[in-house]
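The primary structure of each chain is shown beneath.
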Amino acid sequence: MGKILYPKARIALYLSLAAILVMIINLYAISKTMLVIGLVLSFLLSILAVLSGIIYLKFIYKNEEKFRGDSMCWIAISLGTIALLSNLPFIITLFYAI
């Protein structure tokens, strides 16, 4: 019997990719309001990606005879962490601009 991919593992990956996309869109922000909204959105998406990746990873490891997708969760955790740390230059720039 083959293992099936845990369906929610893709959600964490999509959240981390969305956080990176919003972070890239922040590079083209015209006003401070757009930058702040993009920062908050990217920050929340990256936190949500990391947390959901950890939760889904724990569930996959608990039911490893039935589900696979642990590498997808690790990729989502890594990309979410990168997006979270990549927000720091924007936050520093925002504080200097205020």
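Please read these numbers as outputs of a predicted model, since none were measured by experiment.

Definitions and limits used
Residues numbered from 1 in each chain as written. Predicted model: local features only at pLDDT ≥ 70, side-chain atom pairs only at ≥ 80, totals over all residues. Heavy atoms only, no water. Core = buried A, V, L, I, M, F, W, Y, C linked by side-chain atoms within 4.5 Å. Buried < 20%, exposed > 50% of the residue type's maximum accessible area, 1.4 Å probe, protein only. Helix = DSSP H or I, 4+ residues; strand = E, 2+ residues; numbered from the N terminus. Contact = heavy atoms within 4.5 Å. Phe/Tyr/Trp six-rings, centres within 6.5 Å; stacked < 30°, edge-to-face > 60°. Axes fitted to C-alpha atoms, helices over the stretch in contact; angles between N-to-C directions. Parallel < 35°, antiparallel > 145°, perpendicular 65-115°, else oblique. Left-handed = near helix turned anticlockwise from the far one by under 90°. Nonpolar A, V, L, I, M, F, W, Y, C, P; charged D, E, K, R; others polar.

With that settled, the discussion passes to the nonpolar core. With 13 residues, the main nonpolar core has Y6, A9, Y56, I60, M72 and C73 as its most contacted residues. Counting only elements with at least two residues in this core, the list comes to α1 (9–25), α2 (32–62) and α3 (70–86). Broken down by element, this core gets its largest block of residues, 4 residues, from α3. Aside from chain neighbours lying at most four places away, what touches M72 is L5, A9, R10 and L13. If you look at the next biggest cluster of nonpolar residues, it comprises 12 residues, including A19, L39, L45 and F90.

Turning to the packing of aromatic side chains, a few remarks are in order. Enumeration according to the criterion identifies 4 aromatic pairs in this entry. Both rings, one in Y6 and one in F59, keep their centres 5.0 Å apart while their planes meet at 40°; by these two values the pair is tilted. A residue pair is termed long-range when its members are at least 10 positions apart, and Y6 in the loop between β1 (4–5) and α1 and F59 in helix α2 qualify at 53 residues. For F59, a relative accessible area of 32% translates into the label partly exposed. On the basis of an interplanar angle of 40° and a centroid distance of 5.7 Å, the ring pair of F59 and F67 is categorised as tilted. Aromatic ring contacts, followed pair by pair, group Y6, Y56, F59 and F67 into a single cluster.

Relative orientation of the contacting elements α2 and α3 amounts to 155°, with a least axis distance of 8 Å. With respect to their mutual orientation, α2 and α3 come out roughly antiparallel. The two elements α2 and α3 cross, and the hand of that crossing is left-handed. Here F43, S46, I47, V50, G53, I54, Y56, L57, I60 and Y61 of α2 lie close against α3, whose contacting residues are D70, C73, W74, I77, G80, T81, A83 and L84. Classifying every residue of the contact of α2 with α3 gives 13 nonpolar, 4 polar and 1 charged.

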